[in-house]
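For reference, the chains in residue letters:
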Amino acid sequence: MTTPQEAPSLVPDFGDDDTDRKICFIASKGTLDMVYPSLVMANAALGEGIETHIFFTFWGMDIITKKHMDNLQFTWLGNTAMHPPGGSKIHMPQGLAGLPGMTTMATKMMKKQIADLDVPEVPEFVQMIADAGGHLWACKMSVDMMGLTKDDMIDEVADIISATDFIELSEGAQVIFT
Amino acid sequence: MPVATIAGAEVQVDDEGFMTEYEEWNEDIAVALAANIGIELGESHWQVIKFLREDYKEQGETPMLRRVSNVGGVPTKQLFQLFPKKPAKKMSYIAGVPKPQGCV
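Residues numbered from 1 in each chain as written. Chains lettered and ligands numbered in written order. Predicted model: local features only at pLDDT ≥ 70, side-chain atom pairs only at ≥ 80, totals over all residues. Heavy atoms only, no water.

Here the focus is the overall build of chain A. Counting secondary structure elements, chain A contains six helices and five strands. Along its sequence from the N terminus, chain A presents helices and strands in the succession β-α-β-α-α-α-β-α-β-α-β. Taken over the C-alpha trace, chain A has a radius of gyration of 20 Å; the compact-globule value for 178 residues is 16 Å, which it surpasses by more than 25%. A principal-axis box enclosing the C-alpha atoms of chain A has dimensions of 80 × 45 × 25 Å. (Helix = DSSP H or I, 4+ residues; strand = E, 2+ residues; numbered from the N terminus. Rg over C-alpha atoms; globule rule 2.2 N^0.38 Å.)

We now examine helix α1 (residues 32-47) of chain A. Its 16 residues place the ends of α1 of chain A 23 Å apart at the C-alpha level, agreeing with the 22 Å of an ideal helix rising 1.5 Å per residue. When we look at burial in α1 of chain A, the residues that qualify are L32, V35, Y36, S38, L39, A42, N43, A45, L46 and G47 of chain A. Where α1 of chain A is buried, its residues touch β1 (22-27), β2 (51-56), α3 (102-116) and α4 (122-131) of chain A together with α4 (76-82) and α5 (87-95) of chain B. (Expected span 1.5 Å × (residues − 1). Buried < 20%, exposed > 50% of the residue type's maximum accessible area, 1.4 Å probe, protein only. Contact = heavy atoms within 4.5 Å.)

This part covers the domain arrangement of chain B. Residues and elements named next belong to chain B. We note that the domain assignment places domain 1 (3-36) and domain 2 (43-95) within chain B. Taking only C-alpha atoms into account, the centre of domain 1 sits 17 Å from that of domain 2. The partner domain 2 presents 12 residues to the 10 residues of domain 1 that form the contact. Buried surface at the junction of domain 1 and domain 2, summed over both partners, amounts to about 1100 Å²; 68% is from carbon and sulfur atoms. Among the residues of domain 1 in contact with domain 2, F18, Y22 and W25 are the three that bury the most area, contributing 56% of the side total. For the interface between domain 1 and domain 2, the tally reads one salt bridge. (Domains from an automatic or database assignment. Buried area = accessible area lost by both parts, 1.4 Å probe. Salt bridge = Lys/Arg side-chain N within 4 Å of Asp/Glu carboxyl O.)

What follows concerns the sheet that holds strand β3 (residues 135-139) of chain A. Either a parallel or an antiparallel arrangement is found when strands of a sheet pair, and the pairing is made through backbone hydrogen bonds. Residue and element names in this part refer to chain A. Taken together, five strands build an open sheet; the order of strands is β4-β3-β2-β1-β5 and the sheet is parallel. Of all strands in the sheet, those with a lone pairing partner are β4 (157-161) and β5 (174-177), marking the two edges. Pairwise comparison of adjacent strand axes, ignoring direction, gives a mean angle of 20° for this sheet. Across four bridges, the pairing between β1 and β5 is parallel. Pairing of C24 across the sheet is with V175, part of β5. (Pairing = 2+ DSSP bridges. Axes fitted to C-alpha atoms, helices over the stretch in contact; angles between N-to-C directions.)

Written out as structure tokens, the structure is:
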């Protein structure tokens, strides 16, 4: 017996039933250029309804430390892929980056470029991620090493956890080291 | 382009079911689209949808969540409650505007 074929419903598949995907980012850097990859991707993952965690470790601790999070810096020292803005073929001289005031200038320029794209600065970005349901974790070894306490960090940090704790919580997750 | 009948109106949609013609949208369609994905529209939903439509008209692109929150005045947390799991895609689907293209 045949039944008339139903027209395709054409309702987008928002994948609400796929609840098993989980992503954990390890944010280990504190230079302005290197904190954005995990923040941008974590934010995107949350927007896709994916359970998202960020484990802040070593220099990445600055991203969630109240004293530092609004003052992350950028230098091109050691980064040979730095060119002047506008797609120039020139490589910025490494020696120039070491001159006094150059980090401040480079940081200012990068912050402007990021703001021009309507991408938030780090404190607002971290808040957005927390508001979107992202889980923020601080690394115990880094906290001990740097003499930090939970009070030095923003309230959105869920807890200070050990490497073993992180391995447990990331079971079944895609783990991305940045 | 496929044509779908939504709330009694024939509208053009893309392969996923997102409306492609801004002017074909109306509030009855929004109610039907929302129902398709299990959302019953309340006052706050309408605030978001109206902002999306106005902002798209002015800017020529669908606003990202941050803009909906900062300019549209509906906090991020609430957006995730109103349009669970995939707020950016769900709200643009209901508002009859393209999926947002930006990264943040």
